[in-house]
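Survey of secondary and tertiary structure
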Amino acid sequence: MVFSNLIFLYLFLPVCLLLYFLCRSTISKNAVLIVFSLFFYAWGEPLYVFLMIGMAAANWGFGLWMGMAGRQKLKLLISVIVNLGCLAVFKYSGFLVENFNALFSTSLAVPQIALPIGISFYTFQALSYVIDVYRGQVGVQRSYWRFLLYVSLFPQLIAGPIVRYSDVEQQIEKRTSCREDIFYGMTRFCIGLGKKVLLADGAGKIASQILDGQLSSATTLGIWLGVLLFAFQIYFDFSGYSDMAIGLGRIFGFKYPENFNLPYISRSITEFWRRWHISLSSFFRDYVYIPLGGNRRHVYLNLLVVWFLTGLWHGASWNFVLWGMYFFVLLCIERLFKRQIKRVPVAVRQLVTLFLVVIGWNIFYFTDASRLGQSFAVLFGFSGAGFSSETTSIMLVNNLPLLITCIIGSTPLPQMIGNAFGMLCAGKDHEGPRQKVYVFVTYAFDLALLALCTISLVGTSYNAFLYFRF
């Protein structure tokens, strides 16, 4: 099940909220969330829900074991091997066998294993808990049901953000949902839904038409339009999901960490990765980069390992590894020429960073190496049907409103307008007339977004979260 689904919006979520807020105790509220979370996952993965339950049980057991005295490093090693081994079997076994066959000219049968939705996210969450217990940064969770809630909670289950146990440890035990939390959560959810349905789906539909077509007959302007729309698709798709997850979490009393912070206005690749998929970047920083030595020793080797793993995490295909290595090279260049880069005007740095990121999304999109090479040839005018054509011009004009909306939506402008309106309506009396106007307008905005998204969902079949495959 996905958030941008009419069954979720008008059946699953209302029933879940009704039963949740009818409960008085945290124990009963947790029970409702566990039942609905397992149902949410089982809707699309009826068998793999047992894998998730088993992974939660294994890591809960590792946490208990880690809480006992003796041979802590061995316990940690075993838990890492079990978690990453499970991830490797389901996500990378076919990829590994294919490459083994190609390298050694063998004909081993390639495993055809369906990828469990969200396995990369909940595996990293569970593993971070065990590592943090080993480090003494969090306490051992004695209750399996509370730990299962942490792993399976449906708002962030299948596409993040990667929530660490320390982020929600106290909230699992005891939490409240005040009126302000519910108000904020509803608005955040509706904004995320709008990003996904109204922007990401529209951009993705056009991008796939261009990039999945015949590249030999494509134009340079057409391919640039396709890649740029894909860049907006993946941003609004993933940041929209994160907004919805954070909003739903807040309604239930959980405060999840932010996962995006306007990455397309970054002035460097380093800044981009501090703003994009923040929970993944911080995971690799804290659990891979720093343990390897961080900035203290072997900096470039550490970066190489991190970005190889980051690329591989996104999918079992060499283009993702190439994408990771591309950013590794860019980050190394930024480190080597840090002083010189700072002298470049900010606007130029922003444009260059955005250009380099969009080039990266072209690598990310094409899993087929030959089509990737073709796309670059067309992008830079070495192949294809020329710079532009009548069809490309019509497509550009027809989608110009969507493109402009995406550009504005990826800048601080919408947030600035919202903050300015909030400050205009702010007052000492929270129940004053201006505050009531703010609440009324915000609810009207939420309902308008929900209505537009509903109309769009009724009339389209294009509705898939990109990050489900990760």
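Residues numbered from 1 in each chain as written. Predicted model: local features only at pLDDT ≥ 70, side-chain atom pairs only at ≥ 80, totals over all residues. Heavy atoms only, no water.

1. Quick word on the overall build of the chain
Helix and strand content of the chain: 20 helices and zero strands. Relative to the compact-globule value of 23 Å for 470 residues, the chain shows a C-alpha radius of gyration of 23 Å, a close match. Going through the 470 residues of the chain one by one, you find that 51% of them count as buried. In the chain, 75% of the contacts between residues at least 6 apart in sequence involve partners at least 24 apart. A total accessible area of about 22100 Å² is found for the chain, and carbon and sulfur atoms account for 68% of it. Side-chain charges in the chain split into 36 positive and 21 negative, and the spacing between the mean points of these groups amounts to 9 Å. (Helix = DSSP H or I, 4+ residues; strand = E, 2+ residues; numbered from the N terminus. Rg over C-alpha atoms; globule rule 2.2 N^0.38 Å. Buried < 20%, exposed > 50% of the residue type's maximum accessible area, 1.4 Å probe, protein only. Contact = heavy atoms within 4.5 Å. Areas by Shrake-Rupley, 256 points an atom, 1.4 Å probe, with all protein chains shown as cover. Lys, Arg positive; Asp, Glu negative; His and termini not counted. Charge placed at Lys NZ, Arg CZ, Asp CG, Glu CD.)

2. Some thoughts on the pattern of salt bridges
Evaluation of the coordinates by the stated rule reveals 11 salt bridges. A salt bridge links Lys 196 to Asp 237, with the nearest nitrogen and oxygen atoms 3.2 Å apart. Taken together, the residues Lys 196 in helix H8 (residues 179-211) and Asp 237 in helix H9 (residues 220-251) connect sequence positions 41 residues apart. Residue class for Asp 237 comes out buried when judged on its relative accessible area of 1%. The salt bridge involving Arg 285 is made with Asp 286; its shortest N-O contact spans 2.8 Å. (Salt bridge = Lys/Arg side-chain N within 4 Å of Asp/Glu carboxyl O.)

3. Concerning empty space enclosed by the protein
All told, the structure shown has one cavity of 30 Å³ or more when counted by the stated rule. When its volume is computed, the largest cavity comes out at roughly 50 Å³. If you trace the largest cavity, you find it lined by Leu 149, Tyr 150, Leu 153, Gln 156, Val 163, Val 168, Ile 172, Phe 254 and Tyr 256. Only helix H6 (144-152) and helix H7 (165-173) provide two or more residues apiece to the lining of the largest cavity. (1 Å grid on protein atoms, 1.4 Å probe; cavity = no way out; pocket = protein on both sides within 12 Å on 5 of 7 lines; lining within 4 Å. Points joined across faces, edges and corners; volume = space filled by probe spheres on them.)

4. Digging into the environment of Ser 120
Relative to the assigned elements, Ser 120 resides in helix H5 (residues 119-135). A relative accessible area of 0% means that Ser 120 is categorised as buried. Here the alpha-carbon distance between Ser 120 and Trp 313, two residues 193 residues apart in the chain, equals 7.4 Å. A distance of 2.6 Å separates polar atoms of two side chains, one belonging to Ser 120 and the other to Lys 91. (Polar contact = N/O pair within 3.5 Å; in protein donor to acceptor, adjacent residues only side chain to side chain.)

5. A short note on a positive patch on the surface
Taken together, Arg 274, Arg 335, Lys 338 and Lys 342 make up a surface patch of like positive charges. Turning to its location among the elements, Arg 335 is positioned in helix H13 (residues 318-336). (Patch = residues over 30% accessible without salt bridge, like charges linked within 9 Å, V, L, I, M, F, W, Y side chains within 5 Å.)

6. Remarks on the nonpolar core
Of all hydrophobic cores here, the largest spans 132 residues; its most connected members are Phe 8, Phe 154, Tyr 264 and Trp 361. Here the element with the most residues in this core is H9; it accounts for 16 residues. When sequence neighbours within four positions are dropped, the list of residues in contact with Phe 8 reads Met 1, Val 2, Phe 3, Leu 13, Pro 14, Phe 40, Phe 154, Phe 189 and Leu 248. (Core = buried A, V, L, I, M, F, W, Y, C linked by side-chain atoms within 4.5 Å.)

7. Regarding the packing of aromatic side chains
In this structure the tally under the stated criterion is 69 aromatic pairs. Look at Phe 124 and Trp 313: their rings are 6.1 Å apart centre to centre, the planes differ by 40 degrees, and that puts the pair in the tilted class. Within this pair, whereas Phe 124 is found in helix H5, its partner Trp 313 is found in helix H12 (residues 299-313), the two being separated by 189 residues in sequence. Taking the relative accessible area as the measure of exposure, Phe 124 reaches 6% and is therefore buried. Taking the relative accessible area as the measure of exposure, Trp 313 reaches 2% and is therefore buried. Over the ring of Tyr 20 we find Lys 29; its NZ or CZ atom is 4.4 Å from the centre of that ring. The aromatic ring of Trp 313 is capped on one face by Lys 91, whose charged end is 5.3 Å from the ring centroid. (Phe/Tyr/Trp six-rings, centres within 6.5 Å; stacked < 30°, edge-to-face > 60°. Lys NZ or Arg CZ within 6 Å of the ring centre and 35° of its normal.)

8. Let's talk about the packing of helix H3 (residues 48-66) against H6
Axis separation between H3 and H6 bottoms out at 9 Å; the angle between their running directions is 125 degrees. Accordingly, the angle class assigned to the pair H3 and H6 is oblique. Where H3 crosses over H6, the two elements pack in a sense that is right-handed. Listed contacts from H6 to Met 52, Ile 53, Ala 56, Ala 57, Asn 59 and Trp 60 of H3 are Tyr 144, Phe 147, Leu 148, Val 151 and Ser 152. In terms of residue class, the contact of H3 with H6 is made up of nine nonpolar, two polar and no charged. (Axes fitted to C-alpha atoms, helices over the stretch in contact; angles between N-to-C directions. Parallel < 35°, antiparallel > 145°, perpendicular 65-115°, else oblique. Left-handed = near helix turned anticlockwise from the far one by under 90°. Nonpolar A, V, L, I, M, F, W, Y, C, P; charged D, E, K, R; others polar.)

9. Concerning the packing of H9 against helix H15 (residues 346-365)
Where H9 contacts H15, the two axes come as close as 9 Å, and the packing angle between them is 90 degrees. Relative to H15, the element H9 lies roughly perpendicular. Contacts between H9 and H15 involve Trp 224, Val 227, Leu 228, Phe 230, Ala 231 and Ile 234 from the former and Phe 355, Val 358, Ile 359, Trp 361, Asn 362, Phe 364 and Tyr 365 from the latter. Tallied by class, the residues present in the contact of H9 with H15 amount to 12 nonpolar, one polar and no charged.

These figures capture arrangement, not role.
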